[in-house]
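Here is what each chain is made of, one letter per residue.
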Amino acid sequence: MANENIFSGLKVVDLSSFIAGPSAAVILSDFGANVIKVEPPHGDPWRHANKIPIQPRAEEAYQWHLANRNKRGIALDLKSQSAQQVLFELVNWADVLIVNTPHHARKKLNFEYNDVAGWNPRLIYADLTGFGANGPDANLPGFDITAYWARSGLLSMTRDAGAPPTWPVSGSGDNATAVGLYSAIVTALYRRERTGKGSYVTTSLLAEGVWSASVSIQAALAGAKFPPMHDRTHPANAAMNVYRAADGTWFVLIVTPDKFMAVANAIGRSDLLTDPRFSDPAQLVANMSQLTAIFDEVFGAQAMPHWHSAFACVNVTFGEVRGPQEVIDDPQLTANEIVVPLEGAGSKVTSTISSPIQVHGIAKVPARRAPGLGEHTEEILGELGFDARSIESLREDGALPKAGKHVAA
């Protein structure tokens, strides 16, 4: 069928909140999975992130749609005793259950892996934590800024000498972790295809952060000697540094030794090839600051389009440092379907970021808006076998919010 996709027919229950867990479910949904988002009656706090001061402010909940597109939504109070009936049916319906509720809360609510695995032996139980399931800090709350960035060592290395640690890009560690959790889920699905058995898979923000920093962490494990922190005016290598063009654009330049002659000629400074300060390897190391100063002067004399052309002509590696408002105009994003249309989210939220995985010959599901709070509750419960009387009973018991129009994001 035309609407068949890789994960068509795969049923996913997303019990997670904020970014990493829900975004793993988004990747599955991009390839056709049927995803149900389960929220408490007050909703996932990420619904309101567009009004949190540290986030870029907007009237429309752009973050919510990014992390929850292509899902149907149900509002359910797991603290209610009768909610266990719904949870039981959801777990039996599901192929994949994604959870990031703290383990002490899961125990109280009876949906740890051992609580639900017996209900559905083929279930893939995907568990996301901040710092891992074991160890002295297993129960600490964690966001990507604390667990992925700070605790992993990444934040200590993403700064120049003498500068304090800075505030990293919100959600960046979460979205990297989402890919890791998605990979764990797909690995477990492959195992299930071979054995028929479900699995308990897990990752943590800390594990993903250490993996991202693994070159440096492995160096520490090996007892390697670390160089001083990067100093732009006194770099270890002037040919691998950050420079600014005449129009104010900063760019990262990486010139490998085999490209140095071509770059020197391309920037109009062939004299550097015979300058004794730089032509002799021992002297070059001693004079990196002087070479940096020369590059600063040269690159500061022309605007970025000039250097873009010059570097491209000699096939040297460089990268312009762009802000979000510039990134969205990059033609590479539309040409490679990194940014795609989003249906029904609002007057200003008309496009979104596609997940970073592509399978050639397979078109992803067209992106549609995230659900309103409890929008599909009756529809989903009906599919699970609850009749109107049972649904009303769940409302009276407090498992479901009182009947009324769903709350949009």
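**Comments concerning the overall build of the chain**
- Within the chain, the regular secondary structure consists of 19 helices and twelve strands.
- With respect to the principal axes defined by its C-alpha atoms, the chain has extents near 90 × 50 × 45 Å.
- The 409 residues of the chain split such that 43% are buried.
- Across the chain, the fraction of contacts at a sequence separation of at least 24, relative to all contacts at a separation of at least 6, is 69%.
- Taken as a whole, the chain presents about 21,400 Å² of accessible surface, with 57% of it coming from carbon and sulfur.
- Taken together, the 34 basic and 41 acidic charged side chains of the chain have centroids lying 4 Å from each other.

**Here's the deal with the pairing of strand β7 (residues 240-244)**
- Burial along β7 is one-sided: N241 and Y243 are buried, while M240, V242 and R244, pointing the other way, are not.
- Bridge count between β7 and strand β8 (residues 250-254): five bridges; the pairing is antiparallel. Looking across to β8, one finds that Y243 is bridged to F251.
- Once β7 ends, the chain turns through five residues before running back antiparallel as β8, passing G248 with a positive phi of about 90°.

**Brief notes about the environment of Y113**
- On the secondary structure map, Y113 appears in helix α5 (residues 113-116).
- The spacing of Y113 and L97 is 16 residues in sequence and 9.8 Å in space, taken between C-alpha atoms.
- Beyond its immediate stretch of four places on either side in the chain, Y113 contacts Y125, S199 and Y200.

**Regarding a nonpolar patch on the surface**
- A surface patch of nonpolar side chains, about 390 Å² in accessible area, is lined by M240, W250, V252, I254 and V321.
- Ranked by residues supplied to the nonpolar patch, first place goes to β8 with three residues.
- Positionally, V252 belongs in strand β8.
- Judged by relative accessible area, which is 34%, V252 ranks as partly exposed.

The rules behind each value
- Within each chain, residue numbers correspond to sequence positions counted from 1 in written order.
- Local features in this predicted model are restricted to residues whose pLDDT is 70 or higher, and side-chain atom pairs enter the listing and the counts only when it is 80 or higher, whereas totals over whole chains, interfaces and linings include all residues.
- Excluded from the side-chain calculation are hydrogens and water; included are all heavy atoms of the structure.
- Numbering of helices and strands runs from the N terminus, with a helix taken as a DSSP run of H or I at least four residues long and a strand as a DSSP run of E at least two residues long.
- Burial classes: relative accessible area under 20% of the type maximum marks a residue as buried, over 50% as exposed, and values in between as partly exposed (1.4 Å probe, protein chains only).
- Contacts between residues were defined by any pair of non-hydrogen atoms, one from each residue, lying within 4.5 Å.
- Residue burial considers only the protein chains on display, and all accessible areas are found by Shrake-Rupley using a 1.4 Å probe.
- Neither His nor the chain termini are counted; the positive set is Lys and Arg, and the negative set is Asp and Glu.
- For this purpose, a charge sits on NZ of Lys, CZ of Arg, CG of Asp or CD of Glu.
- Two strands make a pair as long as DSSP finds a minimum of two bridges between them.
- Residues enter patches when their relative accessible area tops 30% and they take part in no salt bridge; the joining distance is 9 Å for like charges and 5 Å for the nonpolar side chains Val, Leu, Ile, Met, Phe, Trp and Tyr.
- Within this document, salt bridges are pairs made up of a side-chain nitrogen of Lys or Arg and a carboxyl oxygen of Asp or Glu, the two lying within 4 Å of each other.

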